[in-house]
Amino acid sequence: MNFIAPINTNQLLEEAEKESLYLKLIEQINKDFNLANEGIDFPMSISPEELKIQMHEKIYRMIQYKFAEYLNLLYIIDVSEDQIKKLDGSDLVILAENVAFLILKREWQKVWFRNKY
C-alpha cells in the first residue's frame, strides 16, 4: 500500500482517524514542536477540528512574531522548502493555513510510514 498524500487538512485528519493513527499524529506534532523549542502540548483528547484551528493560530503567530523560530520549526519537521516557496505570502491568514496543512501532511507521512514499515 502506497502513501497517498491527502489533498486537504480535513481529509488528512479523517484518514488518520480511520487508520487509528490520530493519537500518534498528535504525539508526533507535540514531539517535533518541542524539539523546535516551540512548546506545544495538544491534549490527546483534542478534536480534529480543534487541532486544525489551534495549529493554524500557532503558525500564524509564529510567522508574525517569531519568524526565525518558524523557519527552524519547518526545518525540524522537514517541510519541503519548495512547497513553502510556492505559497502565496500576500495574505498571512491564508499562508498560515497552508503552512499548517504542509506541517500536518509531513507529520502524517512520518506517522504513516512508521506504522506501515
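Here is a short report on the structure shown in this document. Predicted model only: the values in this text are computed from it and were never measured. (Residues numbered from 1 in each chain as written. Predicted model: local features only at pLDDT ≥ 70, side-chain atom pairs only at ≥ 80, totals over all residues. Heavy atoms only, no water.)

1. Looking at the packing of aromatic side chains
For the structure shown, the criterion picks out 2 aromatic pairs. Note on Phe 67 and Tyr 70: the rings are 5.3 Å apart at their centroids and 40° apart in plane angle, and the pair reads as tilted. Residue Phe 67 and its partner Tyr 70 are located together in helix 4 (residues 67-77), separated by 3 residues, close to a single helical turn. The exposure class assigned to Phe 67 is partly exposed, which follows from its relative accessible area of 43%. An angle of 90° between the planes, with centres 5.2 Å apart, marks the rings of Trp 112 and Phe 113 as edge-to-face. Under the relative-accessibility criterion, Trp 112 is labelled buried at 2%. (Phe/Tyr/Trp six-rings, centres within 6.5 Å; stacked < 30°, edge-to-face > 60°. Helix = DSSP H or I, 4+ residues; strand = E, 2+ residues; numbered from the N terminus. Buried < 20%, exposed > 50% of the residue type's maximum accessible area, 1.4 Å probe, protein only.)

2. Quick word on the side chain of Thr 9
Relative to the assigned elements, Thr 9 resides in helix 1 (residues 9-18). Note on Thr 9: relative accessible area 12%, which makes it buried. Discounting chain neighbours no more than four positions away, the residues touching Thr 9 are Lys 52, Phe 101 and Leu 104. (Contact = heavy atoms within 4.5 Å.)

3. Some points on the environment of Phe 42
Positionally, Phe 42 belongs in the loop between helix 2 (22-35) and helix 3 (48-65). Residues Phe 42 and Glu 17, 25 residues apart in the sequence, show an inter-C-alpha distance of 16 Å. The residues contacting Phe 42, other than those within four sequence positions of it, are Ile 26, Ile 29, Asn 30, Leu 51, Gln 54 and Met 55.

4. Focus on the packing of helix 2 against helix 6 (residues 92-116)
Between helix 2 and helix 6, whose axes approach to 9 Å, the crossing angle comes to 120°. Accordingly, the angle class assigned to the pair helix 2 and helix 6 is oblique. Considering how the two elements wind past one another, helix 2 and helix 6 form a crossing that is right-handed. Where helix 2 approaches helix 6, its residues Lys 24, Leu 25, Gln 28, Ile 29, Asp 32 and Phe 33 are matched on the opposing element by Ile 103, Leu 104, Glu 107, Trp 108, Lys 110, Val 111 and Arg 114. By residue class, the composition of the contact of helix 2 with helix 6 is 7 nonpolar, 1 polar and 5 charged. (Axes fitted to C-alpha atoms, helices over the stretch in contact; angles between N-to-C directions. Parallel < 35°, antiparallel > 145°, perpendicular 65-115°, else oblique. Left-handed = near helix turned anticlockwise from the far one by under 90°. Nonpolar A, V, L, I, M, F, W, Y, C, P; charged D, E, K, R; others polar.)

Interpretation in functional terms is not warranted from these geometric data alone.
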